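# Coordinate analysis (summary)
One letter stands for each residue in the lines below.
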Amino acid sequence: MVVLAVLFAVLGAASNAAGTAFQRKAAARVASGGGWRLLRQLARQPVWLLGIAGVVGAALFQALALFNGPMALVQPVFVLELPFALLIGVPLLHRRLPREGWWAVAAVVAGLVVVLGAAAPSGARTDAPMTRWIPVLAGCLGAMALAVVASRASRSPLFRAAALGSAAAVGNALTAALLKSATGTLADDGLVAFLTTWQTYGFALTGVAAVLLLENALQAGPLAAAQPALTIGDASVSLLLGIVVFDESVRGGWWVVPELAGAALIAWGVWELTRAVPHLRDLTG
């Protein structure tokens, strides 16, 4: 089951990265326009439809991953989405990744292996009582609201991007927790129960909110501020929610040392990758 969870999570990260890359390629072909006009122009392009298929596939892979393994294992794997996005998008857009970018990709992958190998996340629950959900919902939604308020009160693009990226990260983690619970209901009790449980509509709403927050984060400031907050925040909050909501566990004691070292390696790799993105345009040929 753990192997399946990791496999589906990797496929989900790759699928979402491919979907994003194809959508960006399609958008680059549209000279002007917005709203429904833009959507109609994009819908005529097969590459854009491939992008939508990638996003839908990512959601299905994530659901399968969460059904087969603990959140504390599945969600950190999605940090691979950024390296996948560059590895797929760079040749698709006829760009070249610099040598530093390749080292950063290797750092993210190595750091993830170290973190998951040291933490050894475990847990098999997909349900939780409302006595756990209520404080989790209050805490996550409250944190998202505070981050949005803080971003609006600041004039610093760096702070605003980081705050909104953090809010999106909390939203992604909460969405994953609700999705895990909903897919467990689907497997145990069938489609009718899935369509009538509140978690199904909860993950739909929080998922949309997380996407909107991410879009605002990318508009508010540089990618180098928004992406690390999103990537590290999603993994960290998901780990916490897995423990609090689903009774998942990770190894402690001296294992914390390699866990922190791996997390630092991931953070460095993500930071370097976000710094490499603005320079891709200058590296053609």
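Up top you'll find the structure we're talking about.
Residues numbered from 1 in each chain as written. Predicted model: local features only at pLDDT ≥ 70, side-chain atom pairs only at ≥ 80, totals over all residues. Heavy atoms only, no water.

All right, on to the packing of aromatic side chains then. Taken as a whole and assessed by the stated rule, the structure comprises four aromatic pairs. Measuring from ring centre to ring centre gives 6.3 Å for Phe 8 and Phe 61, while their planes differ by 25 degrees; the resulting arrangement is stacked. With a gap of 53 residues between them, Phe 8 in helix 1 (residues 2–28) and Phe 61 in helix 3 (residues 46–68) connect regions that are remote in the sequence. Residue classification places Phe 61 among the partly exposed residues on the basis of a relative accessible area of 25%. Centroid distance Trp 133 to Trp 198: 5.5 Å. Interplanar angle 85 degrees. Geometry classified as edge-to-face. Of this pair, Trp 133 sits in helix 7 (residues 130–153) while Trp 198 sits in helix 10 (residues 198–220), and the two are 65 residues apart along the sequence. The exposure class assigned to Trp 133 is buried, which follows from its relative accessible area of 0%. Look at Trp 198 and you get partly exposed, because its relative accessible area is 34%. A connected cluster of aromatic rings, assembled from ring pairs, spans Trp 133, Trp 198 and Phe 246. Cation over ring: Lys 180 sits above Phe 246, and NZ or CZ is 5.9 Å from the ring centre. The ring of Trp 255 carries Arg 251 above its face, with NZ or CZ at 3.6 Å from the centroid. (Phe/Tyr/Trp six-rings, centres within 6.5 Å; stacked < 30°, edge-to-face > 60°. Helix = DSSP H or I, 4+ residues; strand = E, 2+ residues; numbered from the N terminus. Buried < 20%, exposed > 50% of the residue type's maximum accessible area, 1.4 Å probe, protein only. Lys NZ or Arg CZ within 6 Å of the ring centre and 35° of its normal.)

Here the focus is the pattern of salt bridges. Where charged atoms from two side chains of opposite charge approach closely, those side chains can pair. This model, assessed by the stated rule, comprises three salt bridges. Salt-bridge contacts for Asp 247 lead to Arg 125; the nearest nitrogen and oxygen are separated by 3.1 Å. Of this pair, Asp 247 sits in the loop between helix 11 (223–246) and helix 12 (256–276) while Arg 125 sits in the loop between helix 6 (99–119) and helix 7, and the two are 122 residues apart along the sequence. Since its relative accessible area comes to 41%, Asp 247 is described here as partly exposed. Via salt bridges that share partners, Arg 125, Asp 127, Arg 132 and Asp 247 belong to a single interconnected network. (Salt bridge = Lys/Arg side-chain N within 4 Å of Asp/Glu carboxyl O.)

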